[in-house]
Every structure is written in structure tokens, then in C-alpha cells.
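# Close look at the chain arrangement
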Amino acid sequence: MRFVSLLLAVVFTTVSLLPARAAQRTSASAASVALSACSIAQALPSAAPVESPASSPSASPSPTASPGVTPLPFSRPGQGAPILVPTLPTPTPPSATPPPPPTPTPAPTGSLGPVFLVHPSPLPSGVPPTSAPTIPPAGASPLPTEIPSPAGPTPIPTLGPDQVAVIADRVSGTNTEHQPMDADGNVRVYYRDVILSGEHAHYDGDHTITITGSPSLRNQRGDAVLNAKLITFDTGKGLATLTGGSGATTEGVEHGRLYYTGARIETLRSGTTHIERSSFTTCDDPKAGYHFESRSADIYPGDKLVARKAVLYLGLIPVAYIPVLVIGLAQRTSRALNSSTPEIGYTQTTGVFAKERLGFYRSDDWYGYYVLNFFQKLGMELGYVAFYQRKDNRRSGSINFDDFNYNKLSGGQKRYNLSINDNENFSQHLRGNFAFTYNGNYGPFVYLPPSFSLNSSVSYAGTHAQENYTFSRYQSGSQQSNTSYGFTDSRQLTPRVSQQVNISQSSNRNELFSSGNTDDLHVNTLTHITGQAFDTDITIDKTNQTFLSGIDKLPEISLRPHLRSFAHFPYSVNFIVGRYHEFPDGVETSKEEANLSLGPIYYRIFNNTDFDMGVNVRQDRYGTGDEKAQVTQNMSLSSTFGRHVTNSLSYNEVNTNGNRFGPFQTLDVLGGNSSSAQDVLRVFNESYYNLTLSTGTSFNHIAQPVSYQLTLRPFRAAYVQLGGSYDPSFSKFGPTNVQVATPFGHDSEIQFSANLFYGGVFGQRGILDKAIYYRHIVGDCYEIQLSYRQDLKEFDATINLLAFPSRAANFGINQNGPIIPQSFTYGG
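Residues numbered from 1 in each chain as written. Predicted model: local features only at pLDDT ≥ 70, side-chain atom pairs only at ≥ 80, totals over all residues. Heavy atoms only, no water.

### Thoughts on the packing of aromatic side chains
Evaluation of the coordinates by the stated rule reveals 18 aromatic pairs. On the basis of an interplanar angle of 45° and a centroid distance of 6.1 Å, the ring pair of phenylalanine 116 and tyrosine 203 is categorised as tilted. On the criterion of sequence distance, the pair formed by phenylalanine 116 in strand β4 (residues 115-118) and tyrosine 203 in strand β8 (residues 194-203) is long-range, its members being 87 residues apart. In this pair, the class of phenylalanine 116 matches that of tyrosine 203, namely buried. These aromatic residues form a ring-pair network of at least three members: Tyr708, Tyr726, Phe733 and Tyr758. (Phe/Tyr/Trp six-rings, centres within 6.5 Å; stacked < 30°, edge-to-face > 60°. Helix = DSSP H or I, 4+ residues; strand = E, 2+ residues; numbered from the N terminus. Buried < 20%, exposed > 50% of the residue type's maximum accessible area, 1.4 Å probe, protein only.)

What follows is the structure, encoded as C-alpha cells:
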């Protein structure tokens, strides 16, 4: 009986628990669906959903929810209105009566459309959300992309891919399929990583949202903002159209911002921005700086800006017309993508000239620029430069063609230059390269026969072996030619043994000199052995030539022992033995060589002086009985006196014994006995002044010149440098180079460089080789550089855009590189 009573109690207990466990399983399943969907909780502030009529009490009765189950708004992908998803019920104590299982809520059907939500409370005062958003300049701290939402666990609906969410203070209309709705006050429209804002938004019930009331568009990162009079957004195409728009971005800009305006601006789902009748600049005040106006422009985020039929304005004055202007907005962008405005100038050789480079861009796999140059005294130059690659990166290369029509020279000349380079990736381990060059122009007054070169190579790179095959052909007119073949094989035979084999064959032909007609075959092998006690190299080098010259190594063995007892001592030991054959002298003999190097060894003296020294000893012995030796010594003594004076004294000595030029004429030729000393004295006071005096001696009873250099910083932004030498042998000063740099007004700087001659050995007096450099920054937008060089009788001018300093986005007059000398670079 006890057993029966116990069994009945277990059965009744199990049956009474089934409803509660079923309810828990149903709630857990719904919660799992809610958590596994794609949530935009990080992008949306806390908001309450707008219920459709189907879910309101006046429309139709809703299913009765189970006790302890709270409906949450939830929107599935492809449905415009939210549905209700039950949350997890409150755990029921074992003594309480378990609730019945909940009835599933039917999901309303609907098409892909916007979801309208209402702000639970007004946004913080003092921060109007519909005011024109701003972005910090490049390099500054970024602003937050959204105003923090009020704290609270208010649930947020989950959106599907490409679905739109609209949040506002007030929403009116019917939140059902194909029904219009309106949103007013602090309107936000979220789509992917784009946020549209305004005071009013109207949805036509199909696929268009119209935003008014100071509308704007920005991305989630906050580095691109567009403002307009009216914004229309197509929810189906993901296309936002701005009427009378203006924008700013810091993406790809290294300094400041890139501003642009347009009569009509379209932002595509891909992130590309298309602008009709556009104007763009990097200046805060384009009227005081520069700006471009173009018929149309396309901005590819993180890639480039392409403007068509662009006109450059300096202030209000148009100065240049560019059919296609391409400005790179990525650090990796090649400078070939950047178009340039015309360069105008004058030189004594070319006369008045004008240069222009017009960029083109077909795709990421085909881009480049055209070259159009005019020289008054020479003629025209037309060029085409293109870079290409396959989408799978199996092929890439470049084409460079120049047509020089020097019709202003005597008789007229038409010359061509062509260069083609192609890289092939046949597989992961096999690659090839092909290069062709034709050179018909060596300069305006250089007359040489045209030449061409052809080079190709195929290489294989494996785990334990690498092979390389090469071919080259060069020909200059009909007088000179060269053809060569090469093969290289490198293998790791064992973990300690590697070998490399080089075989090359070349043929030279010269119609002017018969001695230039040669055929060469060269073989070289190198075997490297790594051991615990030593490293060994075994070299075999053999050359077979029409006119023999050089040295054959048959073989040469180099041994470098590792002495563990001296592991912490600075030394090196090398032993060489081999047999050599020198041509054309016909000397053939053996050689043994020992080479020992010690140091450098450092030692501290008197707490203000450092002494270091090193020595190298070499001994050679030959099969002919010749012997030679050489000892090289190096020492230096560096001292510091107080806080403003330092002195460095160095000494070098070489002693040679034996036949320095034998038995080989080209191998192991040693220098003679010599000794020399140098002394450098430096007097300084931080960065205010620095005087350096240096001299030396070769101990040959001949006085050596004394060099001097004085650098002064009268104040932080000024710089003066004097440098030259004094020769005691002639009791004369050599020319003194003078460089001066100082501010010259607001955001301006002037620099002067010249050589001061005193007569002496050069027989000249006065200030010669004068050069003046001027630099001025306009509106923190662009930099003007002007220079005049007396020796070249040349005037240069350059304008650099400060927004793109590392991408050479500049234009100028007679721009042949940096205007300001590199030697003038100094800290501010």
C-alpha cells in the first residue's frame, strides 16, 4: 500500500507541473527568436512603437495573454508594422498555482516599409536635433554620432536588412501597408549607416519619404554631413536626393574639411555621392581661397573625387579649365590619380612654357593621366600614362608614351619614348615580369640614335627551392647590341646546408670597336654550411670569355669559427683558402688568408671622457711564396666640458708589409702606410647658437683647411646659418654659404641663400649664387611658394593644398620639385 500511495503521489505531482513547464518553453522560444534577429538597438534611441489598428482595442479583439506575459514590440524582416512577442514570465513559486500556457499571437502580414516610432520623452534641451550638424576638422576629436537616449529598459524593435525606421515626437496616420503617415518634431530616419533628420517627414504609403524643416543627412561615423532645403528618400532604392544641398566631409582629408555644394545631390545605397552643378573646396572661406566649379562631381568614400568640366577659381577669378579632375581621398591612392592645373613659367632653355596633366579614371583597374606640354623654343609634347590590373590580381602593369614634336629646332624633330611594364601571377608560386622600353628622346639638344631594351623574367618560389629565369636584349641604333640569358637556382638541401647556382650567358656586338664583340659564359656556385662551431662558404666561380679577364675561384673556402669562450667579446675571425686563376696575366696559384677583428672596445675616463678603439689584423700567404700583411687601428676620444662644449678627437693608422700588388694584379691589392687624425670642437647653448670647428691632419707637413659652421636662432621662428672654410696654405677664406630664414608677416616666411666670395683661390668677390624663397599660407587653406635663383636665372612658383600634403595635390609655375630646400627644414 505504501508503494502504491507513493507512486500515485509522483504521478499527480508530475501532471500538475506540466502546464508551467509548457509555458516556460513557449516563452523561452519567443525570447530566442527576439535575441537572434538583427537588432539596431545601438543606432536607435529608446522609443515606443506606433500600433496598427489591428492591435488596438477598437479594431478587433486581441488574443488573451497569459498571466505574467508582457507583449513587446518586434518587427520581422519584410514587415512594416510591429508584432507582439511575449517576454519571459516571472518565475512561479512551487506553492503557487501555475498559469495556463499562453496563446500564440498572430503575426500581421505586410510589405517592406518604414517602421514609425515615437520618442518616449523630448530630447535634452539646448541641443536642437534638427540644427545643421557639424563635423570636427581632420585630426580633431570626433563628435558623438547621436544624442544619448534616456536611460531605461524600453524595448526597441528589430529591423530587417534595408528596412527603414522613423522616430519623431509625434506620428499621425495609419501604420499599415500602403497607407501614408506623417512625423513631426525631432524627426530621425535611420537606414543602414545613414541618418536623415528634420522637423517634418511625410511617407506617401509607397516608397518615398519627404523631409522638410532644416533637413540634413549624415553617416553614423559623423565624418560626412549634408544639408539641404528638401530631402526625398526612396526606401526601395535606398536613394536620398537633396535639393539645394551643401555638405562637408573629413574622409580622406588630412587637414581641415572638404566642402561641396550642388543644385542636386544624390547619395546612393553604395555610399557614392553624385552632385550636379557642383562646387567644392577645402577652404573655410572659398572667396578668400580657391574653389572648383564643375558640371558634375562624384565622391567615392575613401577612394576619390571625380569632377568633370571643372574650372579652378582663385578667389573670384577663374584661372584654369580641367576636363576631368581626379583627387584621391585614400592614403593608398597613387599620385597618378591626381590631376594638376597648368604650370606656366619661363626658362632660358625652353622660353615660355605651359604644362598640364589631365587625369582620367575608367575604373579601379584602369586609370592614369594625359600629358600636354608646350615650349616656346622647342615645340609640343603629348603623353599618355596608364596603370592597369586584373580584378583577380593575376596581371598588373603600366604604359607610358611620350610624343615630342620639337618643330622649333633646326630642321624640326619628332621623337618618341615608350615604356611598357607587365607583371603576371601565373599561380601562387610562379610569377613573371615583362618590360619594354624605347627611347628616342634624350633631351632637346642631345642627338643620339634611338635605343630599345627588352627584359623578361620568370620566377618560381617554393618551400625549399627558388628558381629564376631571365632574358634581356638591348640595342642602340645599328651600332651596338647586347643579348643575355640568366638562370638562378637556390635550394635548402638540409636544415644546415643551402646551395645557390648562377649561370649567365651574354653576347655583345659593337660595330665601332672590334674589341667590343665578346661572348661570355659565367658560372657561380655558393654552398653555405651552418654548424655549431663554425660557418662555411664554398664558392666556385668560372668565366669563359672571348677576351679573358678577371679571376676564377676553383674553389674558395671561407671558414668563420664561433668561439664560445669569447661570446660576449666584440670580435670576428675569418679564414680563407682557395685556388685562383687570373686573366689575362695567366697567374694561377693558391692562397691562405687569416683575418682577425677586435672591437670596438669602450672605456670611460674621468666621468666626462669616452675612449674607444678597434684593430684589424690580416695575413695573406700565396703558393708563389709571396706574403703580405696589414694592420689597421682606429681610436677616438670624446670629451664634454661643462654644459656647452664638446670635443671629439679620432685617429686612424694603416700599416702594410709585403708585396702590395702581387702576385695578382686585381685581387688582394692593399693600400700603403698611412695615418690621419681629425678633431671636431662644438660650442653650443641649447638651440640658440651652435658653432662647430673641424680640422684634420695626415701627418705629411701640409696644413689642412679648418671648416666652420655657425647656426643661430635669434628667436623661435628665425634661423641663420654661416658655413665655410679657411685654408692656412693660402691664408685665405673660401666662399661662405649664408642661409637666413625669418617670418615675413602673418603666416608668411622668407628665406635667403647666397655664397659670399672674398677673392682667394677663386678670384671672385661679392655675393653670388643668390636665391630667395618666399612662403605664405592663405586662410589655412593653401600655401604659396615663390623662389628666384640667380645662377639659373629662373623663377618658380608653387601652390600646395594643405588638405592633402602627403599626396602632392599641388600645382604651380615651373614646378621641378620642392621649392623650399630640404636643408632649410628646422623645428618650430
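### Some remarks on the environment of histidine 200
Tracing the sequence through the fold places histidine 200 in strand β8. Distance in space between the C-alpha atoms of histidine 200 and glycine 213 is 6.1 Å, their sequence separation being 13 residues. Histidine 200 has contacts with Asp182, Ala183, Asp184, Val187, Thr210, Ile211 and Thr212, leaving out every residue within four places of it along the chain. Separated by 3.3 Å, the side chain of histidine 200 and the backbone oxygen of alanine 183 make a polar contact. (Contact = heavy atoms within 4.5 Å. Polar contact = N/O pair within 3.5 Å; in protein donor to acceptor, adjacent residues only side chain to side chain.)

### Quick word on a nonpolar patch on the surface
A grouping of Leu563, Phe566, Phe569, Leu596, Leu598, Ile601, Met613 and Val617 is seen on the molecular surface, where their side chains present a nonpolar patch of about 620 Å² in accessible area. Residue assignment for the nonpolar patch shows that the elements contributing at least two residues are β34 (587-605) and β35 (609-622). Ranked by residue count, the leading element in the nonpolar patch is β34, at three residues. Within the secondary structure, leucine 598 sits in strand β34. Note on leucine 598: relative accessible area 31%, which makes it partly exposed. (Patch = residues over 30% accessible without salt bridge, like charges linked within 9 Å, V, L, I, M, F, W, Y side chains within 5 Å. Areas by Shrake-Rupley, 256 points an atom, 1.4 Å probe, with all protein chains shown as cover. Salt bridge = Lys/Arg side-chain N within 4 Å of Asp/Glu carboxyl O.)

### Some words on unusual backbone geometry
In this chain, phenylalanine 583 is followed by proline 584 through a cis amide linkage whose omega measures 5°. Omega for the peptide link from glycine 662 to proline 663 comes to 0°, which places this bond in the cis form. For proline 663, the position within the fold is in the loop between β37 (645-658) and β38 (674-685). With a phi close to 50°, arginine 277 is a non-glycine residue in the positive phi region.

### Re the pairing of strand β33 (residues 571-583)
In the sheet, strand β32 (residues 550-561) pairs with β33 via eight bridges, with the strands oriented antiparallel. By the bridge assignment, isoleucine 551 is partnered in β33 with glutamate 582. The pairing of β33 with β34 spans 12 bridges and is classified as antiparallel. In the strand pairing of β34, phenylalanine 575 is matched with alanine 594. (Pairing = 2+ DSSP bridges.)

### Considerations on the pairing of strand β11 (residues 224-227)
As judged from the three bridges shared by strand β10 (residues 216-219) and β11, these two strands associate in the antiparallel manner. Pairing of arginine 218 across the sheet is with valine 225, part of β11. Relative to strand β13 (residues 239-249), β11 runs antiparallel, the two sharing four bridges. Paired with leucine 226 across the bridge in β13 is glycine 247.

### Things to note about the side chain of glutamate 266
The topology assignment puts glutamate 266 in strand β14 (residues 258-267). Relative accessible area serves as the criterion here: at 18%, glutamate 266 is assigned to the buried category. In terms of polar contacts, glutamate 266 uses its side chain to reach the side chain of arginine 264, at 3.1 Å. Each residue touching glutamate 266, except ones within four places of it in the same chain, is listed here: Leu239, Ala240, Thr241, Thr272, Thr273 and His274.

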